[in-house]
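Listed below are the residues making up each chain.
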Amino acid sequence: MAITHNLGFPRIGKKRELKLALESYWKNNISSKKLFEHGQQIRLQNWQAQNSLDYTPVGDFSYYDHVLDMSFLLGNVPQRASQLNDKTIDQYFRIARGRSSQDSHATCVHAGEMTKWFDTNYHYIVPEVTQDTQFSLNPKNLLDQIKQAKQHKINAKPIIIGPVTYLWLSKEKDNSNKLTLLERLIPVYQQLLQTLAEQNIDWVQIDEPILVTELAQEWQQAFQYAYQALNEYRDKQLTQQTNHLNETSIKILLATYFGELGQNLELACQLPVDGLHLDVSQSNQEALLAIEYLTNDKILSLGVINGRNIWKSDLNHLLNWLDPIAKQLGNKLWIAPSCSLLHVPVDLDSEEKIDLKIKNWLAFAQQKLTEVCILATAINSGKQTVAKQLADNAEAISLRKNSPLVNNPHVQTAVNEITPDLSQRNTTYASRTEKQRKHLKLPQFPTTTIGSFPQTEHIRKTRLKFKKGELNETTYIELIKKEIAQTVQQQEALALDVLVHGEAERNDMVEYFGELLEGFIITQFAWVQSYGSRCVKPPILFGDVSRPTAMTVDWINYAQSLTNNPMKGMLTGPVTILNWSFVRDDQPREKSCKQIALAIREEVKDLESSGIKIIQIDEAALREGLPLKRSAWQTYLNWAIECFRIAANGVKDETQIHTHMCYSEFNDIINAIAQMDADVITIENSRSDMELLNVFDDFNYPNEIGPGVYDIHSPNIPAKEQIVQLMQIVAEKIPIERLWINPDCGLKTRQWEDVIPALKNMVEAAHQLRESFA
Ligand code: GLN
Ligand code: ZN
């Protein structure tokens, strides 16, 4: 009998109920009691959605982030929150986002740092540690969830993050070595196992996803140490309990995901746990090796259904592969999605507008669990019991493969015919820059912004009404033009040098292009949690990409017609469009990216021939596409950089190409970034002037650069002196003729009230710098 289970379910709710509840609580519109009721309802809904499984995840639910939950569970709460003698949930939100409900200035604290969860677009709150950190078990939240699950007769499998991964994700606040904390951490995990055993929990899932990265030896040893210690403790418990006949020790399922274990496979197989979960969704070679390495009594959980994409799996193909394994392993075979389903939307059935042909190719969280159950039923009761489901699946897989919607021979030919010259500009930066200077006539320290201006309520309503058909196209265009005109006027009043149109027509920098390019569909409800209450709705890339008509040219030309200053054309780059979409699994990412690159290239050329002199191609998400294994970085960077260059480099020397990136930690990829050869790059400051400067320390960035001098994620207004000072430090590292002055990201989420004084200070700072360097 193969056993079914799941590693985690989306926690935002089918209709983003969690987002609504959280935001109401933060606005003081509901009490914490009410918030918890909403939480309970969402959990119950989720468990009911998973009721066909043998084991249901519990503890995967979170009010903000499961890593922060883990910090609370381990009693590792930063003092700045815990010293305020207040409800735990309010301490929790203060660390999560700086403030909870009802917080006045006095109770706001600085929020914990947020960073991406492995190579996903989910962000977690980084645990903070110092050499003095003490841990203590604080299991109430988890026990409440277990209790609720039991009330509903759920066969609960609690999920926690393992000790080694927890430390690996932490950040030392004092330059100590976090690994030394492991000894102090393990006893708390021992107590936790004990506590769960007392709840009669059968299996606990301990997540150690860092096992798919290339670990240094000390981290591999940490695994040995940690799991040995947990196991010895369990043995001791067992011996003490020999009189209690019913008592059994809790069993540990060690879960790894987001790729193959590679060099850590043997290590993982040898750890003294009761079962191992492998992600075999991309490649299944390790399954057979694991069967060889695992000792007889261990179970093997195979993550056969991809938990990161939105495609139906080829169930017949999987069954052919699974059949002999199932025969060999019997009830020691478990079947599951590859990872938590946190990263996919909840339910395909909610979608009412997707072309039915394409809808038939898709599977969201709910549908993926059905796939797991079909596989198990076929294994346990024979294929004939699910003959219809298997036949439907085979048909869907074949229809997708052969669909004219997917395959566009012109696009495929164009990609095959990409030659190296497509990604080359005619000359080097040094000679281009001279021509650009003559052409653009910009002052020293030119000022600009990153693209978007505040998206007011009015703009959002206008777009929404148009989408719903309540506004006709002519009126809509007029209204957006009005917004553009105001934004241009405002920038002229501020005396910025290079202007933007403000992006009022875009709800999102990727979705906008997804809507206009062939090969993408946009969903209605396919939200995925990005962090806390923030969700994103990635477009689905299903087929060969092409550009039916120009996408931005009219808007940009209109904006240019209103001013004598240069207007920047504003595009999202191919790598970012790729990384922020659900992409195809039937061809390499590289190939999809090249198709997008060719489409963006046409747009760049159209902008240029319409008279636009500066074009910015945002690559906000280039860095996050880096593979988890360092050894795979270069291959990714090679094609990602090539794609950017294909998009950007079809222009004349006089045309200035800008790019923008939302981070400053690119020390380790600065070489690749220089190879993008954009004439100007603007980057995020990431709240740390030091980090920004580190970038320039070892590497001489060869082209022009605009370090973000205005942190747009904060409502604070940067003072003129602060900007001048920062630029003076940068000017020690980079020749001033290559420096630009700009905010560190788009201004979309800000209010005009902050933006105007902040940009005013920025422009004044530029004036002062011009004088002092004259
Ligand atoms: N041009 C985009 C904007 O200004 C860039 C956003 C981003 O980098 N995330 O909004
Ligand atoms: Zn940005």
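Above: the structure in question.
Numbers given to residues run from 1 along each chain, matching the order in which its sequence is written. Naming scheme: in the order in which they are written, chains are lettered from A and ligands are numbered from 1. Local features in a predicted model are, by the rule used here, given only for residues with pLDDT of at least 70; side-chain atom pairs are given and counted only at 80 or more, and totals for whole chains, interfaces and linings are based on all residues. The basis for every side-chain value is the complete set of heavy atoms in the structure, and neither hydrogens nor water enter the calculation.

Chemist: How should I be thinking about the overall build of the protein chain in this particular structure?
Modeler: Helix and strand counts for the protein chain stand at 28 helices and 21 strands. C-alpha atoms define the radius of gyration in this analysis, and the globule rule sets the expected value at 2.2 Å times the number of residues to the power 0.38. Taken against the 2.2 N^0.38 rule, which gives 28 Å for 774 residues, the C-alpha radius of gyration of the protein chain at 27 Å falls within 12% of a compact globule. If one aligns the C-alpha atoms of the protein chain with their principal axes, the spans along those axes are about 90 × 60 × 50 Å. Looking at the protein chain as a whole, 59% of its 774 residues qualify as buried. Carbon together with sulfur atoms contributes 48% to the accessible area of the protein chain, which is approximately 31,900 Å² in total. Positive and negative side-chain charges in the protein chain, numbering 79 and 94 respectively, have mean positions lying 4 Å apart. Each helix is a run of H or I in the DSSP string that is no shorter than four residues. Each strand is a run of E no shorter than two, and both are numbered from the N terminus. Relative accessibility decides the category of a residue: with a 1.4 Å probe and only protein chains considered, values under 20% of the type maximum give buried, values over 50% give exposed, and everything between is partly exposed. Here the Shrake-Rupley method, with its probe set to 1.4 Å, supplies the accessible areas, and only the displayed protein chains count as covering residues. Neither His nor the chain ends contribute to the count of charged residues, in which Lys and Arg are positive and Asp and Glu negative. Where a charge lies is defined by one atom per residue type, namely NZ (Lys), CZ (Arg), CG (Asp) and CD (Glu).

Chemist: I keep staring at the coordination of the zinc ion (ligand 2) and nothing clicks. Help me out?
Modeler: When a metal carries six donors in an octahedron, the ideal angles between them are 90 or 180 degrees, while four donors in a tetrahedron ideally lie at 109.5 degrees. Looking at the zinc ion (ligand 2), the protein donor atoms are His660 (NE2), Cys662 (SG) and Cys745 (SG), and they sit 2.1 to 2.2 Å from it. Note on donors: an N, O or S atom is included if it sits within 2.8 Å of the metal, or within 3.2 Å for Na, K and Ca, and water is never included, so sites can look incomplete. Under the classification used here, a metal with four donors is tetrahedral if each angle lies between 85 and 135 degrees, square planar if opposite donors are over 155 degrees apart and the others between 65 and 115, a six-donor metal meeting that same test is octahedral, and anything else is irregular. Every donor counted, the four donor atoms about the zinc ion (ligand 2) form angles of 84 to 125 degrees at the centre, which fits irregular coordination.

Chemist: How do you make sense of the packing of helix α2 (residues 32-49) against helix α6 (residues 140-151) when you look at a structure like this?
Modeler: Geometry of a packed helix pair, given as the angle between the helix axes and the separation of the axes. One can describe the packing of α2 onto α6 by two numbers: an axis separation of 11 Å at closest approach and a directional angle of 50 degrees. Taken together, the axis directions place α2 and α6 in an arrangement best described as oblique. Where α2 crosses over α6, the two elements pack in a sense that is right-handed. Two secondary-structure elements touch here, α2 through Gln40, Arg43, Leu44 and Trp47 and α6 through Gln145, Gln148 and Ala149. For this classification, Asp, Glu, Lys and Arg are treated as charged, while Ala, Val, Leu, Ile, Met, Phe, Trp, Tyr, Cys and Pro are nonpolar and the rest, including Gly, are polar. Looking at the contact of α2 with α6 residue by residue, the classes come out as three nonpolar, three polar and one charged. Between N-to-C directions, angles cover 0 to 180 degrees, with each direction set by a line fitted to C-alpha atoms, over the stretch in contact for helices. Roughly parallel refers to an angle under 35 degrees, roughly antiparallel to one over 145, roughly perpendicular to one between 65 and 115, and oblique to any angle outside these ranges. Each crossing is labelled by how the near helix is turned from the far one, with a counterclockwise turn of less than a right angle marking it left-handed and a clockwise turn marking it right-handed. For this analysis, residues touch if any pair of their heavy atoms sits within 4.5 Å.

Chemist: How should I be thinking about the pairing of strand β20 (residues 680-683) in this particular structure?
Modeler: Each regular strand carries side chains that alternate between the two faces of the sheet. Side chains Val680 and Thr682 project from β20 onto one buried face, and the interleaved Ile681 and Ile683 project onto a second face that is buried too. Inspection of the sheet shows strand β19 (residues 656-661) paired to β20 by four bridges, in the parallel sense. Bridged to Thr659 within β20 is Ile681. Sheet topology places β20 next to strand β21 (residues 704-707); four bridges connect them, and they run parallel. Bridge pairing in β21 links Ile683 to Pro707. Here, strands pair whenever DSSP counts at least two bridges between them.

Chemist: What exactly am I supposed to notice about the pattern of salt bridges here?
Modeler: When charged atoms on two side chains of opposite charge get close, those side chains can pair. A side-chain nitrogen of Lys or Arg and a carboxyl oxygen of Asp or Glu constitute a salt bridge if their distance falls within 4 Å. Tallied over the entire structure, the rule returns 36 salt bridges. Lys33 is paired through a salt bridge with Glu37; the nearest N and O atoms lie 3.7 Å apart. Placement of both Lys33 and Glu37 in helix α2 is noted, with a separation of four residues, approximately one turn of the helix. On the basis of relative accessible area, Glu37 is assigned to the partly exposed category, the value being 30%. The partner of Asp668 in a salt bridge is Arg630, with the nearest N and O atoms 3.3 Å apart.

Chemist: It is not clear to me how the pairing of strand β14 (residues 528-531) should be interpreted in this structure. Could you clarify?
Modeler: Of the pairings in the sheet, the one linking β14 to strand β15 (residues 534-536) comprises three bridges and is antiparallel in character. Residue pairing for β15: Val528 is matched across the bridge by Val536. As consecutive antiparallel partners, β14 and β15 are separated by two residues, and within that stretch Gly532 has a phi angle of approximately 50 degrees, a positive value.

Chemist: How do you make sense of the environment of Asn694 when you look at a structure like this?
Modeler: Within the secondary structure, Asn694 is located in helix α26 (residues 689-698). Given the relative accessible area of 32%, Asn694 is considered partly exposed.

Chemist: Teacher, can you tell me more about the environment of Val415 here?
Modeler: Position of Val415 relative to the elements: it lies in helix α16 (residues 409-416). Assessed through its relative accessible area of 11%, Val415 is described here as buried. Along the sequence, Val415 and Lys591 sit 176 residues apart, while their C-alpha atoms lie 7.6 Å from each other. Every residue in contact with Val415, bar those within four places of it in the chain, is listed here: Lys591, Lys594, Gln595 and Leu598.

Chemist: Hey, could you run me through the packing of helix α27 (residues 720-731) against helix α28 (residues 752-772) in this one?
Modeler: Running from amino to carboxyl end, α27 crosses α28 at an angle of 50 degrees, the nearest separation of the two axes being 8 Å. Taken together, the axes of α27 and α28 lie oblique to each other. In the packing of α27 onto α28, the handedness of the crossing is right-handed. Here α27 contributes Lys720, Ile723, Val724, Met727 and Gln728 to the contact with α28, which in turn contributes Asn761, Met762, Glu764, Ala765, Gln768, Leu769 and Ser772.

Chemist: Teacher, can you tell me more about the site of ligand 1 here?
Modeler: One heavy atom within 4 Å of a molecule or strand makes the whole residue count as near it. Around ligand 1 lies a shell formed by Ile450, Gly451, Ser452, Glu503, Met509, Met570, Asp618, Ala620, His660, Cys662, Cys745 and Gly746. Glu503 has a polar side-chain atom sitting 2.8 Å from a nitrogen atom of ligand 1. Polar contacts, as counted here, are pairs of nitrogen or oxygen atoms within 3.5 Å of one another; within protein the pair requires one atom able to donate a hydrogen and one able to accept it, and residues that are adjacent in sequence qualify only if both atoms are side-chain atoms. A distance of 2.7 Å is found between a nitrogen atom of ligand 1 and a side-chain nitrogen or oxygen belonging to Asp618. Partitioning the shell around ligand 1 into residue classes produces six nonpolar, four polar and two charged.

Chemist: How should I be thinking about helix α17 (residues 429-440) in this particular structure?
Modeler: Along an α-helix, a turn takes 3.6 residues, which lines up residues three or four apart on a common side. Along its 12 residues, α17 runs 15 Å from first to last C-alpha, staying within 8% of the 16 Å computed at 1.5 Å per residue. Restricting attention to buried positions, one finds in α17 the residues Tyr429, Arg432, Thr433, Gln436 and Leu440. One side of α17 holds all its buried residues, which, seen down the axis, span an arc of 100 degrees. Summarising the geometry of α17, the exposed residues directed more than 90 degrees from the buried face are Ala430, Glu434 and Lys438. Of the surrounding elements, those touching the buried residues of α17 are β18 (614-618), β19 and β21. Phi turns positive, to about 50 degrees, at Lys441, one or two residues after α17. Helix span, as expected, comes to 1.5 Å for every residue beyond the first. By definition, the arc is the one covered by directions from the helix axis to the C-beta atoms.

Chemist: So what exactly am I meant to see when it comes to the packing of aromatic side chains here?
Modeler: Between two aromatic rings, the relevant description is the distance of the centres plus the angle of the planes. Under the pairing criterion, centres of Phe, Tyr and Trp rings, with the six-membered ring standing for Trp, must be within 6.5 Å; the plane angle then separates stacked pairs below 30 degrees from edge-to-face pairs above 60, leaving the rest tilted. Inspection of every chain in the model, using the stated rule, returns 21 aromatic pairs. Residues Tyr92 and Phe93 carry aromatic rings whose centres are separated by 5.5 Å and whose planes lie at 65 degrees to one another, so their mutual orientation is edge-to-face. Given a relative accessible area of 6%, Tyr92 falls into the buried group. Feature note: the residues Tyr25, Trp26, Tyr64, Phe72, Tyr92 and Phe93 constitute an aromatic cluster, connected by ring pairs. Criterion for a charge above a ring: Arg CZ or Lys NZ at most 6 Å from the ring centre, at most 35 degrees from the ring normal. The positively charged end of Lys481 is found above the aromatic ring belonging to Tyr558, 4.9 Å away from the centroid. The ring of Trp633 has Arg630 lying over it, and the distance from NZ or CZ to the ring centre is 4.2 Å.

Chemist: Even after reading the chapter, I still don't get the environment of Asn380, so can you show me in this structure?
Modeler: Note that Asn380 resides in helix α14 (residues 365-381). For the pair Asn380 and Val755, spaced 375 residues apart in the sequence, the C-alpha separation amounts to 62 Å. Apart from the residues lying within four places of it in its own chain, the contact partners of Asn380 are Met1 and Ala2. Polar side-chain contacts of Asn380 include one of 2.7 Å to the backbone nitrogen of Ala2.

Chemist: Mind showing me how you'd approach the side chain of Lys359 here?
Modeler: Looking at where Lys359 falls in the secondary structure, it is placed in helix α13 (residues 356-359). With near-sequence residues (within four places) excluded, Lys359 lies in contact with Leu348, Asp349, Glu351 and Ile354.

Chemist: Even after reading the chapter, I still don't get the nonpolar core, so can you show me in this structure?
Modeler: When a protein is soluble and globular, its nonpolar side chains tend to lie buried together. In this structure, Trp117, Tyr227, Leu302, Val304 and Leu333 are the most contacted members of the largest nonpolar core, which totals 120 residues. Here this core takes nine residues from helix α8 (residues 182-198), the largest share from any one element. Not counting the four nearest positions on each side in its chain, Val304 is found in contact with Val280, Ser281, Leu318, Trp321, Leu322, Ile335, Ala336 and Leu375. Buried residues of nine kinds, namely Ala, Val, Leu, Ile, Met, Phe, Trp, Tyr and Cys, make up a nonpolar core once their side-chain atoms join them within 4.5 Å. Counting 99 residues, the second-largest nonpolar core is a separate cluster that includes Val415, Leu499, Leu637 and Val651.

Chemist: I keep staring at the sheet that holds strand β9 (residues 251-255) and nothing clicks. Help me out?
Modeler: Remark on secondary structure: sheet strands pair via backbone hydrogen bonds, oriented parallel or antiparallel. The strand order across the open sheet built from eight strands is β1-β12-β11-β10-β9-β8-β6-β2, with neighbouring strands paired in parallel fashion. Edge positions in the sheet fall to β1 (3-4) and β2 (56-58), since each of these pairs with one other strand and no more. Running over the sheet, α14 touches β1, β11 (299-305) and β12 (333-337) and is turned about 160 degrees from β12.

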